[in-house]
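Listed below, chain by chain, are the residues.
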Amino acid sequence: QVQLVESGGGLVQAGGSLRLSCAASGRIISINVMRWYRQVPGKQRELVAGITSGGSTNYADSVKGRFTISRDNAKNTLYLQMNSLKPEDTAVYYCNAEITVTRTATNNYWGQGTQVTVSS
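Residues numbered from 1 in each chain as written. Predicted model: local features only at pLDDT ≥ 70, side-chain atom pairs only at ≥ 80, totals over all residues. Heavy atoms only, no water.

> Is there a simple way to think about the overall build of the chain in this case?
A count of helices and strands for the chain gives 0 helices and 11 strands. Sequence-ordered secondary structure for the chain, helices as α and strands as β, is β-β-β-β-β-β-β-β-β-β-β. A compact globule built from 120 residues should have a C-alpha radius of gyration of about 14 Å, and the chain, at 14 Å, falls within 12% of that. Across its three principal axes, the chain shows a C-alpha extent of roughly 50 × 25 × 25 Å. Split into buried and exposed, the 120 residues of the chain put 40% on the buried side. Long-range pairs, those at least 24 residues apart, make up 54% of the contacts in the chain with a sequence separation of at least 6. A total of about 6,400 Å² of accessible surface is found on the chain, and carbon and sulfur atoms cover 46% of it. The averaged location of the 7 negative side-chain charges in the chain is 5 Å from the averaged location of its 12 positive side-chain charges. (Helix = DSSP H or I, 4+ residues; strand = E, 2+ residues; numbered from the N terminus. Rg over C-alpha atoms; globule rule 2.2 N^0.38 Å. Buried < 20%, exposed > 50% of the residue type's maximum accessible area, 1.4 Å probe, protein only. Contact = heavy atoms within 4.5 Å. Areas by Shrake-Rupley, 256 points an atom, 1.4 Å probe, with all protein chains shown as cover. Lys, Arg positive; Asp, Glu negative; His and termini not counted. Charge placed at Lys NZ, Arg CZ, Asp CG, Glu CD.)

This is the structure:
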């Protein structure tokens, strides 16, 4: 069994910062790409940022220059540093990871989500 557990969400004023964490646990051989998504009620889940096991990153245009994705491979943990937050960043943020669990099986896992609310 593999679990992804997010933490760090909350309520913050516009212009403020939050740091999200996502810890992976269970029978893990390796973690490949890790990503943060977000979703607003009534809209599709959108990709916020991704990072490979080697540290290559990509970001949605809407968060470039404000958000930073990182990971600690030794701790199987993903982070998202969010600065200069805007009300439009309000959403439930989900962690996603491609995890190799056996020599022949790589599966896609999701966390339960953490709410981020930015007040104007």
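> Please clarify how the side chain of Glu6 should be interpreted in this entry.
Looking at the secondary structure, you find Glu6 in strand 1 (residues 2-7). One buried charge, Glu6, has no salt-bridge partner; the nearest side chain with opposite charge is Arg45, at 7.6 Å. Within the structure, Glu6 has its side chain in polar contact with the backbone nitrogen of Cys95 (distance 2.6 Å). Side-chain polar atoms of Glu6 contact the backbone nitrogen of Gln112, separated by 2.9 Å. In this view, Glu6 contacts Ser21, Cys22, Trp36, Tyr93, Tyr94, Cys95, Gly111, Gln112, Gly113 and Thr114; residues no more than four positions away in its chain are not counted. (Salt bridge = Lys/Arg side-chain N within 4 Å of Asp/Glu carboxyl O. Polar contact = N/O pair within 3.5 Å; in protein donor to acceptor, adjacent residues only side chain to side chain.)

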